[in-house]
Amino acid sequence: MYGDGEEKWSREQADDPTEFVRLVERLQADAWPETVLPPGIVHQTVLWFVEAGEWFGRLSIRHHLTPALTEVGGHVGYVVRPSARRRGYATRMLAESLPIAAGLGVNPALLTCSADNVASHEVIEAVGGQLIDTRHGRLRFRVPTNNRGLIAQRGPRENTMVEDDSTQTDWMRDLSRGRIGR
Ligand SMILES: CC(C)(COP(=O)(O)OP(=O)(O)OC[C@H]1O[C@@H](n2cnc3c(N)ncnc32)[C@H](O)[C@@H]1OP(=O)(O)O)[C@@H](O)C(=O)NCCC(=O)NCCS
């Protein structure tokens, strides 16, 4: 397991309760304006996708763009655990993160993916991403974040968006209420 900043985190650290608390606090602090960050690193809100106590993926929302993020990184980064891929988690994660991004003042969001990253390309388009251009081998998309309650429901053979937040996962509700991060 890895943190998003300079510090790397091992599985052993994550298994240690004291270290785990430190990891969570460290990630929370990344979102706070008063946290001093290394040059070129912006504040970000880190979200974990956890269902029934199982960790499926991570998504981070960068609060601002730097020139480098404008070119290649974008506002949002995400990863789904390899064993949980092709089950719609990335689409759900991204869809459910958009209202949180809007709450942070990010609208529209800039998302990018490598031109050959079919999975990420599909995920971004599934949440309404519109292709802007390609820079440095990466596709850049404009994603409106203010369609509140718009949740992606995706199964193996379907991809529909519904205006219903009843499917919103507990962790997203908690984060939206500010219990984790800001
Ligand atoms: C990209 C990533 C987050 C997608 O996660 P995921 O949970 O598997 O995505 P979803 O299940 O929501 O898939 C959405 C769609 O993408 C497409 N897709 C996903 N994986 C694919 C693959 N390996 N090949 C082709 N298409 C793929 C499919 O159309 C899929 O829908 P379907 O399964 O209904 O056909 C995941 O592959 C990952 O963590 N990759 C490494 C990190 C990364 O690339 N992050 C994005 C950086 S921009």
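Summary of the structure given here. (Residues numbered from 1 in each chain as written. Predicted model: local features only at pLDDT ≥ 70, side-chain atom pairs only at ≥ 80, totals over all residues.)

### Here we look at the overall build of the protein
The following threshold applies: To qualify as a helix, a DSSP run of H or I must reach at least 4 residues; to qualify as a strand, a run of E must reach at least 2; elements of each kind are numbered from the N terminus. Counting other C-beta atoms within 10 Å of each residue's C-beta, where C-beta atoms are placed from the backbone, gives the exposure class: buried for 20 or more, exposed for 12 or fewer, partly exposed between.
For the protein, the count of helices and strands is six helices and eight strands. Walking the protein from its N terminus toward its C terminus, one meets helices and strands in the order α-α-β-β-α-β-α-β-α-β-β-β-β-α. Expressed as a percentage of the 182 residues in the protein, the buried residues total 29%.

### Digging into the pairing of strand E2 (residues 54-62)
We count it as follows: When DSSP locates at least two bridges between a pair of strands, those strands are taken to pair.
By the bridge criterion, eight bridges tie strand E1 (residues 44-51) to E2 in an arrangement that is antiparallel. Among the inter-strand pairings, Leu 47 is bridged to a residue of E2, identified as Leu 59. Where E1 hands over to E2, the hairpin turn is made up of two residues, of which Ala 52 adopts a positive phi near 50°. In the sheet, E2 pairs with strand E3 (residues 76-80) via five bridges, with the strands oriented antiparallel. Pairing of Gly 57 across the sheet is with Val 80, part of E3.

### Examining the site of the ligand
As a reminder, the rule being used: Placing a C-beta atom from the backbone of each residue, we mark the residue near a molecule or strand if the atom is within 6 Å of it. Lys, Arg, Asp and Glu make up the charged group, whereas Ala, Val, Leu, Ile, Met, Phe, Trp, Tyr, Cys and Pro make up the nonpolar group; the residues left over, Gly among them, are polar.
For the ligand, the set of nearby residues contains 19 residues, the closest of which are Arg 85, Ala 90, Thr 91, Ala 119 and Glu 122. Considered class by class, the residues forming the shell around the ligand number 10 nonpolar, four polar and five charged.

### Focus on the sheet that holds E1
Using the following cut-off: Convention adopted: a line fitted to C-alpha atoms gives each axis, helices being fitted over their contacting stretch, and angles between N-to-C directions are expressed from 0 to 180 degrees. For the purpose of contact definition, each residue receives a C-beta atom placed from its backbone, and two residues are in contact when these atoms lie within 7 Å.
Taken in spatial order, the three strands of this open sheet run E1-E2-E3, and their pairing is antiparallel. Two strands in the sheet have a free side with no partner beyond their single neighbour: E1 and E3. Pairwise comparison of adjacent strand axes, ignoring direction, gives a mean angle of 15° for this sheet. Most of the contacts of helix H4 (residues 89-103) go to E2, to which it runs at about 40°, and overall it touches E1, E2 and E3.

### Description of the environment of Leu 27
Considering the arrangement of structural elements, one finds Leu 27 in helix H2 (residues 17-29). The exposure class assigned to Leu 27 is buried, which follows from the 22 C-beta atoms found within 10 Å.

### With respect to unusual backbone geometry
For the peptide bond that leads from Asn 107 to Pro 108, omega is -5°, which places it in the cis range. On the secondary structure map, Pro 108 appears in the loop between H4 and strand E4 (109-114). Phi is positive for Arg 86, close to 65°, though the residue is something other than glycine. Phi is positive for His 136, which is not a glycine, with a value near 55°. Inspection of the secondary structure puts His 136 in the loop between strand E5 (130-135) and strand E6 (138-143).

### Some remarks on the sheet that holds E5
With respect to topology, three strands assemble into an open sheet ordered E4-E6-E5, the strand pairing being antiparallel. Both outer strands of the open sheet, E4 and E5, are each paired with one neighbouring strand and no more. Geometrically, the sheet is characterised by an average inter-axis angle of 30° between neighbouring strands, direction not taken into account. Direction of pairing for E5 relative to E6: antiparallel, over a ladder of five bridges.

Worth remembering: the numbers are spatial, not functional.
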